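# Architecture at a glance
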Amino acid sequence: MKKVLSIVSVILLIIVLAILVVFILNLDKALKKQNQQKPSGSPTTQPSQPAKKPALSEPISSAKSRITKKPFGIYITPQTSPVQPEKFAGYHTGTDFETTSSEASVDVPIYAACGGKIRLQEIVQGYGGVIVQDCTLDNQPVTVLYGHLNIRQAHVLSVGQEVNARDKIAVLAPENSELSGGERKHLHLGIHKGTTLDFRGYVQNQSELSGWLDAKSYL
Ligand SMILES: [Zn+2]
């Protein structure tokens, strides 16, 4: 009987030891893994990757911080528009970049958001001075419309001319002028998919809106 008991206790002891060994081995593995993730003595953050280059260049200085009233896709009516008075209703096909009061009487330069040919430069109802540029974005052709520009100020731009991203292409038209389309001093930037021209600044449903791209996501 005693012999049986001692055999049982030896077996139990072996099992306990085996469990302990497995436990210690696992703990060791877990600790090693943790150490690999957080090398001791080095910062816990990953080494900084070079920032991904945006697909579009800023069409105006501090571009993103100027999108305060009419972002891409906002639905407005004369009653709900963040800009008053308002004559339009629908989904905004472009992105509006606002100016500050200190910029009211100075030239605010507008730069090419991408490299590509100048498609046209003319006065268009609702926009005043407009430049349209042919570009490639996300490997697809787009037309980029810059609205409310003083296109009469000499910038030696001609239709068909190839411009590089960041080249100065115009300055903003003064507030409530013919060249601003009678609007506040701001830039409307519309990016229409494909090569066909579409001057609409507002459309009446989401499926039409899908013909345009949101500039902000490329800046
Ligand atoms: Zn606009």
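Residues numbered from 1 in each chain as written. Predicted model: local features only at pLDDT ≥ 70, side-chain atom pairs only at ≥ 80, totals over all residues.

## Some points on the overall build of the protein chain
Of regular secondary structure, the protein chain possesses 2 helices and 12 strands. Here the protein chain, with 219 residues, has 26% of them falling under the buried criterion. Summarising the internal contacts of the protein chain: among those between residues at least 6 apart in sequence, 65% fall at separations of at least 24. (Helix = DSSP H or I, 4+ residues; strand = E, 2+ residues; numbered from the N terminus. Buried ≥ 20, exposed ≤ 12 C-beta atoms within 10 Å, placed from the backbone. Contact = placed C-beta atoms within 7 Å.)

## Some words on the nonpolar core
Nonpolar side chains in soluble globular proteins tend to be buried together. Ile-110, Ile-131, Val-144, Tyr-146 and Leu-149 are the most contacted members of the largest nonpolar core, which has 33 residues in total. Listed by contribution, the elements that provide at least two residues to this core are strand S6 (128–137), strand S7 (140–150), strand S9 (168–172), strand S10 (186–193) and strand S12 (212–213). Looking at this core, the element that brings in the most residues is S7, giving 5 residues. Excluding its chain neighbours within four sequence positions, the residues that come into contact with Ile-131 are Ile-118, Gln-121, Tyr-146, Leu-149, Ile-151, Ile-169 and Ala-170. (Core = buried A, V, L, I, M, F, W, Y, C linked by C-beta atoms within 7 Å.)

## Observations regarding the pairing of strand S5 (residues 116–124)
Note that S5 and strand S8 (residues 162–163) share 2 bridges and pair antiparallel. When the bridges of S8 are listed, Lys-117 appears paired with Glu-162. With antiparallel pairing between neighbouring strands as the criterion, S5 and S6 make up a hairpin whose turn holds 3 residues, including Gly-126 at a positive phi of roughly 95°. (Pairing = 2+ DSSP bridges.)

## Some thoughts on the sheet that holds strand S11 (residues 202–203)
Reading across from one edge, S1-S2-S11 is the order of the 3 strands in this open sheet, with antiparallel pairing throughout. Strands with a single pairing partner mark the edges of an open sheet, and in this sheet they are strand S1 (75–76) and S11. Looking at chain direction, S1 and strand S2 (residues 90–92) are connected through 2 bridges and run antiparallel. Residue pairing across strands places Tyr-75 opposite Tyr-91, the latter belonging to S2.

## Concerning the confidence of the model for the protein chain
Taken residue by residue, the protein chain gives an average pLDDT of 85. The fraction at 70 or more is 76%. At the level of individual helices and strands, the protein chain shows its lowest average pLDDT in helix H1 (residues 2–37), which scores 54, and its highest in S10, which scores 98. (pLDDT = per-residue confidence, 0-100.)

## Looking at the environment of Ser-180
Structurally, Ser-180 can be placed in the loop between S9 and S10. Note on Ser-180: 21 C-beta atoms within 10 Å, which makes it buried. For the pair Ser-180 and Tyr-127, spaced 53 residues apart in sequence, the C-alpha separation works out to 6.0 Å. Look past the residues within four positions of Ser-180 in its chain and what remains in contact with it is Gly-128, His-148, Ala-173, Pro-174, Glu-175 and Lys-185.

## Digging into the environment of Val-132
Position of Val-132 relative to the elements: it lies in strand S6. Residue classification places Val-132 among the buried residues on the basis of 22 C-beta atoms within 10 Å. Spatially, the C-alpha atom of Val-132 lies 4.5 Å from that of Leu-145, the residues being 13 residues apart in sequence.

## Considering the environment of Lys-64
The residue Lys-64 is located in the loop between H1 and S1 in this model. Taking C-alpha positions, Lys-64 is 7.9 Å from Phe-97, a pair spaced 33 residues apart along the chain. Excluding residues within four positions of it along the chain, Lys-64 makes contact with Lys-216 and Leu-219.

## Considerations on the pairing of S10
Walk down a regular strand and you will see the side chains alternate between the two sheet faces. Within S10, 7 of the 8 residues are buried, leaving the element largely enclosed by the surrounding structure. Pairing geometry for strand S3 (residues 94–98) and S10, over 5 bridges, is antiparallel. From the neighbouring strand, Thr-95 faces S10, where its bridge partner is Leu-189. Examined bridge by bridge, S7 and S10 share 6 bridges and lie antiparallel to one another. By the bridge assignment, Leu-145 is partnered in S10 with Gly-190. As judged from the 2 bridges shared by S10 and S12, these two strands associate in the antiparallel manner. Bridging from a neighbouring strand, His-192 pairs with Trp-212 of S12.

## Focus on unusual backbone geometry
Following Gln-84, the chain continues to Pro-85 via a peptide bond in cis, the omega torsion being -5°. With respect to the helices, strands and loops of the structure, Pro-85 is situated in the loop between S1 and S2. Phi at Ser-62 takes a positive value of approximately 45°, unusual for a residue other than glycine. Mapping Ser-62 onto the fold places it in the loop between H1 and S1.

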